[in-house]
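# Inside the fold
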Amino acid sequence: MNRLAAPLRFLTELIAWVAAPWALAPYSIPLAVLADLLLIGLPTVFATPGDKEQVLVAVPGWATVGLVLAQLAAAVVATWCAWPAWAAALTTVLAAACLVTERPRWRRLLAAPRSRAA
């Protein structure tokens, strides 16, 4: 099941990166751009040492888990707001599968000792 975690997480992230701005654009283009900057930028900058090869800013495991949960929530909420129901339902199933496959990684991240930088 661990082999599925990264591809499912990545696919859900891609959906969040597309769906969140799509859902926000009718209300505010700057907000749509900001959503993508946050959804892509935060996990790029902040990471838990040992979970990623290159870490720009070290954060504890709970922060990485929180960033993944934010991506999953953005994907599900945005698709229900902006896409057809069948696509939103598929995204919801994908996010649920991601939650299941991510559990071993999250246990490891949450059990890791706190970083001095965090």
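Above this text sits the structure in question.
Residues numbered from 1 in each chain as written. Predicted model: local features only at pLDDT ≥ 70, side-chain atom pairs only at ≥ 80, totals over all residues. Heavy atoms only, no water.

Okay, the overall build of the protein next. For the protein, the helix and strand inventory stands at 4 helices and 2 strands. Taken over the C-alpha trace, the protein has a radius of gyration of 15 Å; the compact-globule value for 118 residues is 13 Å, and the two agree within 12%. Along the first, second and third principal axes, the C-alpha set of the protein runs to 45 × 35 × 15 Å. Going through the 118 residues of the protein one by one, you find that 36% of them count as buried. Counting only contacts in the protein whose residues sit at least 6 apart along the sequence, the fraction spanning at least 24 positions is 61%. (Helix = DSSP H or I, 4+ residues; strand = E, 2+ residues; numbered from the N terminus. Rg over C-alpha atoms; globule rule 2.2 N^0.38 Å. Buried < 20%, exposed > 50% of the residue type's maximum accessible area, 1.4 Å probe, protein only. Contact = heavy atoms within 4.5 Å.)

Another aspect to go through is the pattern of salt bridges. Going through the model one piece at a time under the given rule, you end up with 4 salt bridges. Between Asp 51 and Arg 108 there is a salt bridge; the shortest N-O distance is 3.4 Å. Of this pair, Asp 51 sits in the loop between β1 (46-47) and β2 (57-58) while Arg 108 sits in helix α4 (residues 85-111); the two residues are 57 residues apart in sequence, bridging distant segments of the chain. On the basis of relative accessibility, which here comes to 24%, the residue Asp 51 falls in the partly exposed class. With a shortest N-O distance of 2.7 Å, Glu 102 and Arg 105 are connected by a salt bridge. Residue Glu 102 and its partner Arg 105 are located together in helix α4, separated by 3 residues, close to a single helical turn. A residue is classified by how much of its surface remains accessible, and Arg 105, at 14% relative accessible area, is buried. Three or more residues are tied together by salt bridges with common partners; here these are Arg 9, Asp 51, Glu 102, Arg 105 and Arg 108. (Salt bridge = Lys/Arg side-chain N within 4 Å of Asp/Glu carboxyl O.)

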